[in-house]
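Summary of the model geometry
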Amino acid sequence: MAVRVRFAPSPTGLLHVGALRTALFDFLLARHQGGQNILRIEDTDRSRYSEDSEHEFIESLRWAGITFDEGPHVGGPHVPYRQSERATSGVYVGPVSKLLESGDAYKAFDTTDELAAMRKAQEDAKEPVGYFGGAWRDADPSEVARAEAAGHKYVVRQRIPRGKVIAIDDPIRGHVEWSSDTLDDPVLLKADGMPTYHLAAIVDDHLMGITHVIRGEEWLPSAAKHVLLYRMLGWEIPVIAHCPVILGKDGKKLSKRHGATSVLEYRWEGYLASALNNFIVLIGWSPGDERELLTEQEMIDAFSLEGVQPSPGHFDLDKLKWMSGAHIRLLAADALFDAVKSYLEDPRTIEFWDSREAEPGKPSGHEIAASLTLLRDAIAKDPEYARGVVVLLRERVQTLADFGPGARFFFVDMPEMDPKAVEKWLTQPHVPQLFDSIVQGLDPIAQPTKEDCEALIRGYAEKHGLEKLGPAVHPVRVALTGTTAGPGLFELMELLGRSRIVARLRRAKEIAG
RNA sequence: GGCCCGGUCGUCUAGUGGUUAGGAUGCCGCCCUUUCAAGGCGGAGGUCGCGGGUUCAAGUCCCGUCCGGGCUACCA
């Protein structure tokens, strides 16, 4: 029987990296086993559901390259894939009546106030808190009939049996068991007629033929109730696996302080989806050998639930940055250029940087946005030139956004001068003469190659008895780029071309002189 | 309070009774070199949460303990 897994998020906000990992595990398991991956929207809490959020989830997942065989956006044999729609189409009424008839569930008419009072009393008495008996678990049928006839609102609760040991065999955590006496009676159907997660997830997983449930560890405590529900309904129990959480580097819950929390934010920051996936999947899972840089296919080939670690992992932004740079360097030149292009063509990239708060010691969001705009326009105007720039810069970027500031000097008429660099290299006495000699040397060469440029500068150094190339190279670099760091000078000169070089050397000579 | 889960360099991890506890990231150094990177090489960093036990031998098995986390909603 084919493996069928589902990612079943509740769209109430942004798609978090922890959720992305769960989705990735689902996807990898399905593809590894040649099964199906299903997206199901758990929106039974109508007060928290957001349509924007659902769209955001789907877009994030699409960007991440996580594909689904069935779902609200692609259809499939089990439509609808939104639980609210499934509720109105009545899929949960059958199981609820069955449970009611067999006595595995009962109607409870408690009011919110009554429940609160019960909880308070339990807390005060230091007793386990929950609906263990309540007023209605063992109520007389006539009393129930009377309450119902009076039109009182009720919920349907699951009747947890007493004195049983319930266990699951979780591929990630192994054997976990509970005494049913510690389990209270969960609400299955709310007073508004909507199912709770406990009911809806189990019914839908069964109806959709789900064989493996992968979910967050916050579900582990209620897994026993779910196992019981499957049994009460006479359904086969799928494999249930609980993933550990992802924490911030300081061990606290992942939050804004640790960097971005939503998947799309990483996109706008310029991370390749392949890098984010690779990084995320390695929190809590490893291929079992010493490989770390993995392609999607390699992840699929190596994935197994048993290889997932039960302990929580920490999100280390430094390692993500390294991995991001590594994935950029893994791309062939054309693929990289296309990635940069589509990154910049999405207007949200620039918007994102424009509205980003400044970090100390780094270019402001606004500056980055401006440099990215410059790159974007340069790609449109002269793709050949821009492509050369991107290729030249690939060794020194960590994200796609780094191409903006790095490439800036190629596209402005005159680069901004770093005062320290000017001070260090443009004030030396030989500089005006050095620049003159390069300008003169370039005169007969319409399109200087990097070899031409190297010959010119080496020639100058030799002629003037310089022991090292530095005193010739550095002033030229500052004149052409405005800074002391960057790509190889000769390569950069070839790309810049004669007229830009000459113009910049002349201007720098004025500054120097 | 009750129930459940977790605990190997700062971080991600390998490891399933016998290894000098391996790799990666980050940090430091060297090499390459026109700078910065990238790349190569090397270094520091772990009494495997702690305490007992079992065993010739324990990160690995058992017991206890501490710490961290989750759940304890008519949220998921």
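A brief look at the structure comes next. This structure is a prediction, so every number in the text was calculated from the model and none was measured. (Residues numbered from 1 in each chain as written. Chains lettered and ligands numbered in written order. Predicted model: local features only at pLDDT ≥ 70, side-chain atom pairs only at ≥ 80, totals over all residues. Heavy atoms only, no water.)

**Looking at the side chain of arginine 477**
As a reminder of what qualifies: Only DSSP runs of H or I with at least four residues qualify as helices, and only runs of E with at least two residues qualify as strands; both kinds are numbered from the N terminus onward. Partly exposed residues are those whose accessible area sits between 20% and 50% of the maximum for their type, while under 20% is buried and over 50% is exposed, using a 1.4 Å probe and protein chains only. Residues scored as positive are Lys and Arg, those scored as negative are Asp and Glu, and His as well as the terminal groups of each chain are ignored. Salt bridges are defined by distance alone: a side-chain nitrogen of Lys or Arg within 4 Å of a carboxyl oxygen of Asp or Glu. Polar contact is the term for a pair of N or O atoms within 3.5 Å; when the atoms are in protein, one must be able to donate a hydrogen and the other to accept it, and sequence-neighboring residues count only if both atoms are side-chain atoms. Whether two residues touch is decided by their heavy atoms; if any such pair falls within 4.5 Å, the residues are in contact.
The topology assignment puts arginine 477 in helix α21 (residues 470–481). One buried charge, arginine 477, has no salt-bridge partner; the nearest side chain with opposite charge is glutamate 491, at 7.5 Å. Separated by 2.9 Å, the side chain of arginine 477 and the backbone oxygen of proline 487 make a polar contact. Sequence-distant contacts of arginine 477, that is, excluding residues within four places in its chain, are made with Gly482, Thr483, Thr484, Ala485, Gly486, Pro487, Gly488, Leu489 and Leu492.

**As for the protein's contact with RNA strand B**
Note the cut-off: If even one non-hydrogen atom of a residue comes within 4 Å of a molecule or strand, that residue is called near it. In this classification, Asp, Glu, Lys and Arg are treated as charged, Ala, Val, Leu, Ile, Met, Phe, Trp, Tyr, Cys and Pro as nonpolar, and every other residue, Gly included, as polar.
In the neighbourhood of RNA strand B, 59 residues make up the surrounding shell, with Arg173, Gly284, Glu292, His314 and Arg396 lying closest. In this structure, arginine 48 approaches RNA strand B through a side-chain N or O atom, which is 3.1 Å from a sugar or linking oxygen. A distance of 3.2 Å separates a base nitrogen of RNA strand B from a polar side-chain atom of aspartate 316. Of all the secondary-structure elements, those providing two or more residues to the surface near RNA strand B are α5 (112–124), β4 (155–158), β6 (174–179), β11 (313–314), α12 (317–330), α21 and α22 (489–496). Counting residues per element, the surface near RNA strand B draws most heavily on α12, which supplies 4 residues. Split into classes, the residues belonging to the surface near RNA strand B amount to 23 nonpolar, 13 polar and 23 charged.

**Some details on helix α20 (residues 450–463)**
The cut-off we apply is this: Take the residue count of a helix, subtract one, and multiply by 1.5 Å to get its expected span. Taking the helix axis as origin, the arc is that swept by the directions to the C-beta atoms.
When the terminal C-alpha atoms of α20 are compared, their 20 Å separation across 14 residues agrees well with the 20 Å that a helix rising 1.5 Å per residue should span. Buried within α20 are the following residues: Cys453, Leu456, Ile457, Tyr460 and Ala461. Buried residues along α20 cover an arc of 130 degrees about the axis, so they all sit on one side. Residues of α20 that are exposed and angled more than 90 degrees away from the buried face: Glu462 and Lys463. Contacts made by the buried residues of α20 are with α19 (431–442), α21 and α22.

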